[in-house]
Amino acid sequence: MRIGLALGAVILVAMLAAGMIPFTSLLVKAETPTITVAVDLGHGESDKYLDYIMSNITFVNWVIINGTINSSVLEGVDVLILGQPTVGFTFEEMQAIKDWLQTGNKVLWVAGDSDYGSGNLTQIYCNDLLDFIGAKLRLEYAALYDDYNNAGAFYRVLLRVAPDNVPELNTSIIAQNITKPILGHGPDMLIWVDENGTAHDIVNETFPGLIRIVWSYDTAYAGDNNPPDPLVYNQYDYGQGTGNHTFVFMAAEYWSDLNVLIVVSGESPYGDYEPTWAPEYHGVELDGPTFVTNMIKWFVHILTAPQQAPGGETTTTTTQPTTTTTTTQPTTTTTTTTTTTTTTTQPTTTTTTTTTTTTTTTTAGGAAAGNTTTTTTAGEGKGANTALILAVVILIIIIGAAAYFLRK
């Protein structure tokens with residue numbers, strides 16, 4: 001019996017050493033993030049809810065950009081989120097972003113604002129960047145309002161997550177487990193511009209590679225607070241009292257030749273007065289955390305398992321999603337007496353408490369260089385070393401056991 005056990009241990013050791021049985025079959029290997037997401041705070045953006053986002057979405061590495069955007073700052077970055085900039089981008093910064101995109105396998109998310117207050121400047125800064133990099137998507141020079149589907153005021157707009165069906169890009173990831181609306185606090189709607197500079201209604205006109213993601217309800221209308229004038233959704237045809245309208249709040253365009261995704265939204269997932277991440281606002285339950293998490297999951301999928309439709313173009317179902325009004329209320333004024341009815345339950349937002357190690361690195365280049373802060377969840381990047389150490393320990397135990405039985 002003892003000789004049999006010893007012989008079995010020796011055989012197991014030999015098979016492990018020969019690679020016939022991989023160490024991973026005996027160990028639980030720690031998964032380490034392979035995608036790095038950079039969040040810009042260097043152009044006047046707020047960091048509201050950013051800590052919650054980073055502590056809950058732990059399957060990517062996070063980098064915070066606190067200064068100028070340049071090639072050094074973007075090195076190793078896969079996803080760049082510009083969350084409602086209030087300071088314009090320099091020519092050098094826009095060129096750095098364009099060059100970064102041209103390397104391929106990248107995602108850029110540009111988040112804007114309505115034209116209320118100084119939001120019109122944010123719209124201009126975002127559109128200037130989108131034009132510079134060669135994107136078709138644009139923020140409309142307007143505001144998106146809704147007197148019925150809102151969180152107690154016409155500018156706290158409730159929105160539907162209903163992405164166009166693009167099987168090649170697995171857009172179904174975006175809507176997974178979403179049953180409630182998301183929030184746009186003082187949001188904007190999108191349009192697109194062709195190569196001749198002509199602006200188009202994104203609801204009824206599409207282009208190859210377009211993916212519409214989030215929509216208003218059909219009770220929305222356009223507002224116009226500050227110049228410049230709207231390019232498509234003017235007050236005469238789309239303003240308050242002109243009928244029911246549906247607008248696109250978020251969309252993406254896919255560059256199949258580079259596997260690049262350009263995402264544009266009328267509000268930001270972080271920062272802002274009340275970001276899209278919000279799980280609840282003025283008594284209305286929201287799916288903000290699930291939505292933002294799904295967007296990051298979708299980015300990871302695009303970058304790690306790129307898919308293209310035949311001919312190098314995405315195949316998009318362009319049928320506008322059916323409107324379902326989930327919240328009813330009387331026409332609102334600016335008072336807070338309006339009630340909102342929702343039939344779903346409060347989403348659970350779990351803030352994972354993790355110990356983080358923060359390293360601040362100042363890139364070379366003097367005043368023109370940007371500062372980045374890299375945040376890595378404790379334990380990430382150590383999975384392989386831990387597995388190796390455990391494997392060695394197991395081998396030592398097995399060899400010791402074999403020797404003990406052989407002595408007996």
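What you are looking at is a predicted structure, and each value in this text was computed from that prediction instead of being measured. (Residues numbered from 1 in each chain as written. Predicted model: local features only at pLDDT ≥ 70, side-chain atom pairs only at ≥ 80, totals over all residues. Heavy atoms only, no water.)

**Focus on the overall build of the protein chain**
Reasoning step 1: Helix and strand counts for the protein chain come out as 8 helices and 18 strands.
Reasoning step 2: Relative to its 408 residues, the protein chain shows a buried fraction of 52%.
Reasoning step 3: By sequence separation, contacts in the protein chain at least 24 residues apart represent 76% of the contacts at least 6 residues apart.
Reasoning step 4: Taken as a whole, the protein chain presents about 18100 Å² of accessible surface, with 54% of it coming from carbon and sulfur. (Helix = DSSP H or I, 4+ residues; strand = E, 2+ residues; numbered from the N terminus. Buried < 20%, exposed > 50% of the residue type's maximum accessible area, 1.4 Å probe, protein only. Contact = heavy atoms within 4.5 Å. Areas by Shrake-Rupley, 256 points an atom, 1.4 Å probe, with all protein chains shown as cover.)

**A word on the sheet that holds strand E9 (residues 190-193)**
Reasoning step 1: Taken together, the 3 strands give an open sheet; going across it, the order is E5-E9-E10, and neighbouring strands pair in antiparallel fashion. What marks the edges here is a single partner per strand, and that holds for strand E5 (137-139) and strand E10 (199-200).
Reasoning step 2: Bridge count between E5 and E9: 3 bridges; the pairing is antiparallel. Looking across to E9, one finds that Arg138 is bridged to Ile191. (Pairing = 2+ DSSP bridges.)

**What to know about the pattern of salt bridges**
Reasoning step 1: On inspection of all chains with the given rule, the structure shows 4 salt bridges.
Reasoning step 2: The salt bridge partner of Arg212 is Asp164, with a shortest N-O separation of 3.0 Å. Residue Arg212 is located in strand E11 (residues 210-216), and its partner Asp164 is located in the loop between strand E7 (156-161) and strand E8 (182-185); the two are separated by 48 residues in the primary sequence.
Reasoning step 3: Here Arg212 falls in the buried class, since its relative accessible area comes to 0%.
Reasoning step 4: According to the relative accessible area criterion, Asp164 is buried, its value standing at 3%. (Salt bridge = Lys/Arg side-chain N within 4 Å of Asp/Glu carboxyl O.)

**Examining the nonpolar core**
Reasoning step 1: Counting 92 residues, the largest nonpolar core has Phe291 and Trp298 as its most contacted members.
Reasoning step 2: With 9 residues, the top contributor of residues to this core is helix H7 (residues 288-304).
Reasoning step 3: Every residue in contact with Trp298, bar those within four places of it in the chain, is listed here: Leu169, Asn170, Thr171, Ile173, Ile174, Ile211, Ile213, Ala252 and Leu261.
Reasoning step 4: Within the second largest apolar cluster, 8 residues are counted, among which are Leu158, Tyr217, Ala278 and Leu286. (Core = buried A, V, L, I, M, F, W, Y, C linked by side-chain atoms within 4.5 Å.)

**Some thoughts on the environment of Tyr116**
Reasoning step 1: With respect to the helices, strands and loops of the structure, Tyr116 is situated in the loop between strand E4 (106-111) and helix H5 (119-133).
Reasoning step 2: Spatially, the C-alpha atom of Tyr116 lies 10.0 Å from that of Tyr141, the residues being 25 residues apart in sequence.
Reasoning step 3: For Tyr116, the contacting residues outside a window of four places in its chain are Asn225 and Asn226.

**Focus: the confidence of the model for the protein chain**
Any region with low pLDDT has predicted coordinates that should not be read closely.
Reasoning step 1: On average, residues of the protein chain score 79 in pLDDT, and 67% of them reach the 70 mark or higher.
Reasoning step 2: For residues 1-30, every residue scores under 50 in pLDDT, and the model assigns this stretch 29 contacts once sequence neighbours within four places are set aside.
Reasoning step 3: Residue range residues 308-387 is modelled with pLDDT below 50. Its contacts to residues more than four positions away, or to other chains, number 166 contacts. (pLDDT = per-residue confidence, 0-100.)

**Here's the deal with the pairing of E4**
Regular strands have side chains that alternate between both faces of the sheet.
Reasoning step 1: With 6 of 6 residues buried, E4 is to be regarded as a mostly interior element.
Reasoning step 2: What you see with E4 is no split at all: Lys106, Leu108 and Val110 on one side and Val107, Trp109 and Ala111 on the other are buried throughout.
Reasoning step 3: The sheet contact formed by strand E3 (residues 79-83) and E4 spans 5 bridges and is parallel. When the sheet's bridge partners are listed, Leu82 is paired in E4 with Val110.
Reasoning step 4: Where E4 and strand E14 (residues 260-265) come together, 6 bridges link them in parallel fashion.

**Points about the side chain of Asp201**
Reasoning step 1: Turning to its location among the elements, Asp201 is positioned in the loop between E10 and E11.
Reasoning step 2: Arg212 provides the closest opposite charge to the buried, unpaired Asp201, separated from it by 7.5 Å.
Reasoning step 3: Here the side chain of Asp201 touches Val203 through a polar contact of 3.0 Å, landing on its backbone nitrogen.
Reasoning step 4: At 2.5 Å, the side chain of Asp201 forms a polar contact with the side chain of Tyr233.
Reasoning step 5: The residues contacting Asp201, other than those within four sequence positions of it, are Trp192, Val232, Tyr233 and Tyr238. (Lys, Arg positive; Asp, Glu negative; His and termini not counted. Polar contact = N/O pair within 3.5 Å; in protein donor to acceptor, adjacent residues only side chain to side chain.)

**Some points on the packing of aromatic side chains**
The geometry of an aromatic ring pair is captured by the separation of the ring centres together with the interplanar angle, meaning the angle of the planes.
Reasoning step 1: By the definition in use, this model includes 11 aromatic pairs.
Reasoning step 2: Where Tyr49 meets Tyr52, the ring centres are 5.9 Å apart and the plane angle is 85 degrees; that geometry is what we call edge-to-face.
Reasoning step 3: Accessibility expressed as a relative area gives 21% for Tyr49, which makes it partly exposed.
Reasoning step 4: With a centroid separation of 4.9 Å and 80 degrees between ring planes, the pair formed by Tyr145 and Phe154 is classed as edge-to-face.
Reasoning step 5: Lying across the ring of Tyr49, Lys48 places its NZ or CZ 5.6 Å from the centre.
Reasoning step 6: Of note, Lys48 hangs over the ring of Tyr273, and the distance from its end group to the ring centre comes to 5.8 Å. (Phe/Tyr/Trp six-rings, centres within 6.5 Å; stacked < 30°, edge-to-face > 60°. Lys NZ or Arg CZ within 6 Å of the ring centre and 35° of its normal.)

**Focus: the packing of helix H4 (residues 91-102) against H5**
Reasoning step 1: The interhelical angle for the contact between H4 and H5, taken along N-to-C directions, is 50 degrees, at an axis separation of 10 Å. The orientation of H4 with respect to H5, classified from their angle, is oblique. Judged by the sense of rotation from one axis to the other, the crossing of H4 with H5 is right-handed. The residues of H5 that touch H4, namely those facing Phe91, Met94, Gln95, Ile97, Lys98 and Leu101, are Asp128, Leu129, Phe132 and Ile133.
Reasoning step 2: A per-class count over the contact of H4 with H5 returns 7 nonpolar, 1 polar and 2 charged. (Axes fitted to C-alpha atoms, helices over the stretch in contact; angles between N-to-C directions. Parallel < 35°, antiparallel > 145°, perpendicular 65-115°, else oblique. Left-handed = near helix turned anticlockwise from the far one by under 90°. Nonpolar A, V, L, I, M, F, W, Y, C, P; charged D, E, K, R; others polar.)

**A few points about the pairing of strand E2 (residues 61-65)**
Reasoning step 1: Among the 5 residues that make up E2, 5 are buried, leaving the element largely enclosed by the rest of the structure.
Reasoning step 2: Side chains Asn61, Val63 and Ile65 project from E2 onto one buried face, and the interleaved Trp62 and Ile64 project onto a second face that is buried too.
Reasoning step 3: Judged from the 5 bridges that link them, strand E1 (residues 36-40) and E2 form a sheet pairing that is parallel. Across the sheet, Ala38 pairs through a bridge with Val63, a residue of E2.
Reasoning step 4: For the handedness criterion, the β-α-β arrangement of E1, helix H2 (residues 50-56) and E2 is classed as right-handed. (Right-handed = clockwise from strand over helix to strand, strands pointing away.)

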